[in-house]
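# Summary of the model geometry
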Amino acid sequence: MERVLYFPSLTSTNAYAKQHAQSLPDKTIIVADEQTAGRGRFDRKWVSAPGGLYFSVLMKPTDVTNLPNLTQLMALCICQTVRKLGAEAILKWPNDVLVDGKKISGILSEVILRENTFYALVIGVGINAEQENLSGVGQPAVSLRELGIRLEKQELLQDVLERFWPRCAAVLKEGFSAFGKEYKELFPYLGKTISVTNGGRKISGAVQDISPTGTLLLATTLGRREFSIGDINA
Ligand code: BTN
């Protein structure tokens, strides 16, 4: 069903997927043991030393209405995998996975355009798997190894993808509602006062809900605000 390409080292699996998108089929997975220029959201660096699981999923769906929800589905699948392995993982909207307030996984999704129209989606995933020292990554982070969980990276990848593939079609068709209940059960911020950083601005408020399209609804002093991207600071 899927094609998996393994590399000992790449600058970035997302960059490889984007460079080769035309020649690679739908649902190609690109995996690297390390990345020399791994990237995170908002142009941040993603430290990608050997030991982490770094992969990108290249997808060429025909219906693009609910694309952002595919990334949220991936986050849910990773969260479920980590929980199955015994850690109390939670989701931090839109697509971070945390254990004990520390990041165990992040996702950078990028759209590829051809002649100004959608051509492909790249969902780039980093999971802290076997690293033993994450002190240099610039944010609180934890690996499966540090939690006492040992699992081959190959099996970790397989477990995540076995959850992800069977649900893609429904998510492309129905959007967030195809998995919203499960997502919200693992999202502990409902009702909490948080701030969201978005476009250089920080906006505080109480989390009202995640909308039927997967956006974050915040009750602020200026009324209700809806976010489709941003970073939660709890
Ligand atoms: C984030 O939380 O900021 C997103 C991190 C995404 C990292 C992954 S690792 C595989 C893929 N290649 C990259 O350069 N980035 C993503």
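Our subject is the structure listed above.
Throughout what follows, the structure given in this document is the object of discussion. (Residues numbered from 1 in each chain as written. Predicted model: local features only at pLDDT ≥ 70, side-chain atom pairs only at ≥ 80, totals over all residues. Heavy atoms only, no water.)

Next up on the list: the sheet that holds strand 5 (residues 96-99). The mixed open sheet is built from seven strands, whose spatial order is 1-2-3-7-6-5-4. Single-partner strands in this sheet number two, and they are strand 1 (3-10) and strand 4 (89-92). This sheet shows a mean twist of 20 degrees between the axes of neighbouring strands, independent of strand direction. Across five bridges, strand 2 (residues 28-35) lies against strand 3 (residues 53-59) in antiparallel orientation. What sits directly across from Ala32, in strand 3, is Tyr54. Packed onto the sheet, helix 3 (residues 153-174) meets strand 1, strand 2, strand 3 and strand 7 (117-127) and runs at close to 25 degrees relative to strand 3. (Pairing = 2+ DSSP bridges. Helix = DSSP H or I, 4+ residues; strand = E, 2+ residues; numbered from the N terminus. Axes fitted to C-alpha atoms, helices over the stretch in contact; angles between N-to-C directions. Contact = heavy atoms within 4.5 Å.)

Taken together, 20 residues sit near the ligand, with Ser12, Gln35, Arg39, Arg41 and Lys103 positioned nearest. Within the backbone of Arg41, an N or O atom sits 2.7 Å from an oxygen atom of the ligand. Lys103 places a polar side-chain atom, nitrogen or oxygen, 2.6 Å from an oxygen atom of the ligand. Protein coverage of the free-state accessible area of the ligand, which is 410 Å², stands at 99%. Elements with a minimum of two residues in the shell around the ligand: helix 1 (13-19), strand 3, strand 6 (102-114) and strand 7. No other element matches strand 6, which puts four residues into the shell around the ligand. (Near = heavy atom within 4 Å. Polar contact = N/O pair within 3.5 Å; in protein donor to acceptor, adjacent residues only side chain to side chain. Areas by Shrake-Rupley, 256 points an atom, 1.4 Å probe, with all protein chains shown as cover.)

Residue placement: Ser195 occurs in strand 8 (residues 193-198). Using a relative accessible area of 7% as the deciding quantity, one classes Ser195 as buried. (Buried < 20%, exposed > 50% of the residue type's maximum accessible area, 1.4 Å probe, protein only.)

Strands sit in the order 11-10-9-8-12 across an open sheet of five strands; the sheet is antiparallel. Looking at the sheet topology across the chains shown, the edges are occupied by strand 11 (223-227) and strand 12 (231-233). Strand-to-strand, the axes of this sheet are offset by a mean angle of 45 degrees, without reference to chain direction. The pairing of strand 8 with strand 12 spans three bridges and is classified as antiparallel. Paired with Thr197 across the two strands is Asp231, which belongs to strand 12.

Quick look at the packing of aromatic side chains now. Following the criterion strictly, the structure yields seven aromatic pairs and no others. For the pair Phe7 and Tyr16, a centre-to-centre distance of 4.7 Å together with 50 degrees between the ring planes defines the contact as tilted. Consider the rings of Phe179 and Tyr183, whose centres lie 6.3 Å apart with planes at 65 degrees: the pair is edge-to-face. In this pair, the class of Phe179 matches that of Tyr183, namely buried. Aromatic rings pair up to connect Phe176, Phe179, Tyr183, Phe187 and Tyr189 into one cluster. One cation-aromatic arrangement involves Arg114 over Tyr119; the distance from NZ or CZ to the ring centre is 4.7 Å. (Phe/Tyr/Trp six-rings, centres within 6.5 Å; stacked < 30°, edge-to-face > 60°. Lys NZ or Arg CZ within 6 Å of the ring centre and 35° of its normal.)

So, on to helix 2 (residues 67-84). For helix 2, spanning 18 residues, the distance from its first C-alpha to its last is 26 Å, which sits close to the expected 26 Å at 1.5 Å a residue. A large share of helix 2 lies buried, amounting to 15 of its 18 residues. (Expected span 1.5 Å × (residues − 1).)

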